[in-house]
Amino acid sequence: MSAAANAQKVPTVAGLVDLQAAAYEEAFEQGLAEGREAGRVEVRAQVERLAGMFYDLAKPFEELDAEVERELLTLAMALARQIVRRELKADPTQIIGIVREAIAALPVAARDVRVHLHPEDAAVVRQNLAPTESERAWQIIEDPVMARGGCQVTTATSRVDSRLETRLGAILSELMGNERHSPGPRGGQS
């Protein structure tokens, strides 16, 4: 029986070929799985690297966007100032409407009203506008530092800021959808 047992243990050529094919198939499947996993890891690493590069590339554009926004704001302010100056030269009486709006924004009980104006605007207001009996009395204060086209109205308890810069800033803030200034709807009132 030992010869018969040995005969059963001795592999045949066909058995060796089958065993070799099975081993090859198992090794192939294992190598394929390992290769796919290594590929996934490599692709993930490259995607993360590319995402980092895109983030780094976008950063300067965000800074550039902010810079362009600041420059456009500066340009818009300069353009608006020039338009107002030109309009005031063409029709200096436009300051009267600004003064009326500023005075109207004061509380009803306001006393000792002082209207601060550029000297040229003050001359126009003196010639064309005086408080009527139904309006409260006010005094014009010439302020050479005040830009043309704006005014500040002050009392002992309040102030209405209708300077050109303040009004332009409020308009631009509203247009840009942010609150760069918070002066209120008609200049700043304290």
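Residues numbered from 1 in each chain as written. Predicted model: local features only at pLDDT ≥ 70, side-chain atom pairs only at ≥ 80, totals over all residues. Heavy atoms only, no water.

Draft legend 1. Seen up close, the pattern of salt bridges. The full count for this structure, using the stated rule, is 10 salt bridges. The salt bridge partner of arginine 70 is glutamate 67, with a shortest N-O separation of 2.6 Å. Of the two residues, arginine 70 and glutamate 67 both sit in helix H2 (residues 13-90), 3 residues apart, roughly one turn of that helix. Classification of glutamate 67 by relative accessible area gives partly exposed; the value is 33%. Arginine 148 serves as the salt-bridge partner of aspartate 121, at 2.8 Å between the closest nitrogen and oxygen. Of the two residues, aspartate 121 sits in helix H4 (residues 119-128) while arginine 148 sits in the loop between strand E2 (138-142) and strand E3 (151-154), which places them 27 residues apart along the sequence. (Salt bridge = Lys/Arg side-chain N within 4 Å of Asp/Glu carboxyl O. Helix = DSSP H or I, 4+ residues; strand = E, 2+ residues; numbered from the N terminus. Buried < 20%, exposed > 50% of the residue type's maximum accessible area, 1.4 Å probe, protein only.)

Draft legend 2. Quick peek at the packing of aromatic side chains. Per the counting criterion, the structure on display carries 1 aromatic pair. Consider the rings of tyrosine 24 and phenylalanine 28, whose centres lie 6.4 Å apart with planes at 20°: the pair is stacked. Of this pair, tyrosine 24 and phenylalanine 28 both sit in helix H2, 4 residues apart, which is roughly one turn of that helix. Given the relative accessible area of 43%, phenylalanine 28 is considered partly exposed. (Phe/Tyr/Trp six-rings, centres within 6.5 Å; stacked < 30°, edge-to-face > 60°.)

Draft legend 3. How the structure looks around the confidence of the model for the protein chain. Considering every residue of the protein chain, the mean pLDDT works out to 80; 85% of them sit at 70 or more. In this model residues 179-190 is a low-confidence stretch, pLDDT under 50, and it forms 24 contacts with partners more than four residues away in sequence or in other chains. (pLDDT = per-residue confidence, 0-100. Contact = heavy atoms within 4.5 Å.)

Draft legend 4. Local environment of the nonpolar core. With 20 residues, the main nonpolar core has Val99, Leu117 and Val153 as its most contacted residues. For this core, the secondary structure elements donating two or more residues are helix H3 (94-104), strand E1 (113-117), H4, E2 and E3. Ranked by residues supplied to this core, first place goes to H3 with 6 residues. Among all residues touching leucine 117, those that are not within four sequence positions of it are Ile95, Val99, Ala122, Val125, Ile140, Ile141, Glu142, Asp143, Met146, Gly150 and Cys151. (Core = buried A, V, L, I, M, F, W, Y, C linked by side-chain atoms within 4.5 Å.)

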